[in-house]
Amino acid sequence: MRQLLAILPLLLLTVQVTFGQKIKSSEKDKIKFTTDNINGQYIPKDLEDCFKQIDSFWSDSTKNKIRQQSEDDFTANAHFGLGMWMRNNWQLWGGSRLSKYFNQKGIYHPDDMSGIIIDSYYRYLTGKEINLQQQIDYYKMYWEVNKDPSKDTYPKGEKKLEFNTKQVYNLKKGNNPACVHIQSNSKTDKVWIYDYHFGWKQLSKEELKKLNSTTYEDREETIRTLFGKQE
């Protein structure tokens, strides 16, 4: 009993400290998701505000050089430059009102957020349609097709399938993201593959070798052939 009485004050103190930390953490989160400034850096509130901020620190000559590039080239070049700067300084990793803006649209990965900003800025700068919802749908689909197949969809009689290899590609029609998952624990001469768009297929070693020799550009054609799903 004496030991319990001696321990109680320590337990109460621990609860008080922990509860206090949770309150402080909650208050900090509330502030960072609403404030327009974190660590001395202005945080845009939405996509249009991002355009204003990028416009403010890029000269007209820089903007003209961007207009002369293709969207794919600009996006590739900007991901590790402008993109990294945005992810770090606009607190897309740590959380900010801008990340919350994207979260409310169903976008949660900082790379996806910066990708949308970069693509959208290029289109804004070149007078093209931004198609924000289309971009959002693309990233949502990307994560959906990359998920390992659910066990309740496994082919009949299969219970223990492992997938440590995947190959991504894009469907040319509609420019939708796609991914084929390749079984890694086969104990036979055949291997199961799963594709969100085409379903399940068991491949021979020769067919798997053919799939593994594809490139990003020609992968869809090979996969359609393997599944017998020609356009």
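### Section: the overall build of the protein chain
Consideration 1: When its secondary structure is counted, the protein chain shows 10 helices and 6 strands.
Consideration 2: For the protein chain, with 231 residues in total, the buried portion stands at 36%.
Consideration 3: A separation of at least 24 residues holds for 55% of the contacts in the protein chain among residues at least 6 apart in sequence.
Consideration 4: With the model as given, the accessible surface of the protein chain reaches about 14,800 Å², and the carbon-plus-sulfur share is 51%.

### Comments concerning the sheet that holds strand 6 (residues 199-203)
Consideration 1: Taken together, 4 strands build an open sheet; the order of strands is 3-4-5-6 and the sheet is antiparallel. Edge positions in the open sheet fall to strand 3 (163-171) and strand 6, since each of these has one partner strand only. Each neighbouring strand pair of the sheet contributes to a mean axis angle of 25°, computed without reference to strand direction.
Consideration 2: On top of the sheet, helix 9 (residues 205-212) reaches strand 3, strand 4 (176-183), strand 5 (191-195) and strand 6; it is set at about 115° to strand 6, its chief contact.

### A closer look at the side chain of Lys 63
Consideration 1: Relative to the helices and strands, Lys 63 resides in helix 3 (residues 60-67).
Consideration 2: In this view, Lys 63 contacts Asp 55, Trp 58, Tyr 121 and Leu 125; residues no more than four positions away in its chain are not counted.

### Examining helix 7 (residues 110-125)
Consideration 1: Over its 16 residues, helix 7 extends 22 Å from the first C-alpha to the last, a length consistent with the 22 Å expected when each residue adds 1.5 Å.
Consideration 2: By the criterion of burial, helix 7 is predominantly enclosed, with 14 of the 16 residues buried.
Consideration 3: A positive phi of about 75° marks Gly 127, the residue just after helix 7.

### Some thoughts on the packing of aromatic side chains
Consideration 1: By the definition in use, this model includes 18 aromatic pairs.
Consideration 2: Plain terms: the ring middles of Tyr 154 and Trp 200 are 5.6 Å apart, the flat faces sit at 80° to each other, and that makes the pair edge-to-face. One end of the pair, Tyr 154, is in the loop between helix 8 (132-146) and strand 3; the other, Trp 200, is in strand 6, with 46 residues separating them in the sequence. Neither residue differs from the other here; Tyr 154 and Trp 200 are each classed as buried.

### Some points on the layout of surface pockets
Consideration 1: There is about 740 Å³ of room inside the largest pocket.
Consideration 2: As for the largest pocket, its lining consists of 23 residues, of which Thr 75, Asp 119, Tyr 138, Tyr 139 and Asn 175 are closest to the centre.
Consideration 3: Elements with a contribution of two residues or more to the lining of the largest pocket: helix 4 (71-79), helix 7 and helix 8.
Consideration 4: Along the lines of polarity and charge, the residues of the lining of the largest pocket split into 7 nonpolar, 9 polar and 7 charged.
Consideration 5: In this structure, the second largest pocket encloses a volume near 240 Å³.
Consideration 6: Together, 14 residues line the second largest pocket, and Tyr 138, Tyr 142, Val 168, Asn 170 and Tyr 216 are the ones closest to its centre.
Consideration 7: Residue contributions to the lining of the second largest pocket peak at 5 residues, all from helix 8.

### Side note on the nonpolar core
Consideration 1: Counting residues in hydrophobic clusters, the biggest one holds 26 residues, and the most contacted among them are Trp 90, Leu 98, Phe 102 and Ile 117.
Consideration 2: Sorting the residues of this core by element identifies helix 2 (47-57), helix 4, helix 5 (82-89), helix 6 (97-103), helix 7 and helix 8 as the ones contributing at least two each.
Consideration 3: In terms of residue count, helix 7 provides more of this core than any other element does, 7 residues in total.
Consideration 4: Apart from residues no more than four positions distant in its own chain, Trp 90 is found in contact with Gln 41, Tyr 42, Ile 43, Pro 44, Cys 50, Gln 53, Ile 54, Trp 85, Ser 96, Leu 98 and Ile 117.
Consideration 5: Core analysis: the second largest hydrophobic core is formed by 14 residues, Leu 171, Val 180, Leu 203 and Leu 226 among them.

Thresholds, definitions, all that
- Residues numbered from 1 in each chain as written.
- Predicted model: local features only at pLDDT ≥ 70, side-chain atom pairs only at ≥ 80, totals over all residues.
- Heavy atoms only, no water.
- Helix = DSSP H or I, 4+ residues; strand = E, 2+ residues; numbered from the N terminus.
- Buried < 20%, exposed > 50% of the residue type's maximum accessible area, 1.4 Å probe, protein only.
- Contact = heavy atoms within 4.5 Å.
- Areas by Shrake-Rupley, 256 points an atom, 1.4 Å probe, with all protein chains shown as cover.
- Pairing = 2+ DSSP bridges.
- Axes fitted to C-alpha atoms, helices over the stretch in contact; angles between N-to-C directions.
- Expected span 1.5 Å × (residues − 1).
- Phe/Tyr/Trp six-rings, centres within 6.5 Å; stacked < 30°, edge-to-face > 60°.
- 1 Å grid on protein atoms, 1.4 Å probe; cavity = no way out; pocket = protein on both sides within 12 Å on 5 of 7 lines; lining within 4 Å.
- Points joined across faces, edges and corners; volume = space filled by probe spheres on them.
- Nonpolar A, V, L, I, M, F, W, Y, C, P; charged D, E, K, R; others polar.
- Core = buried A, V, L, I, M, F, W, Y, C linked by side-chain atoms within 4.5 Å.

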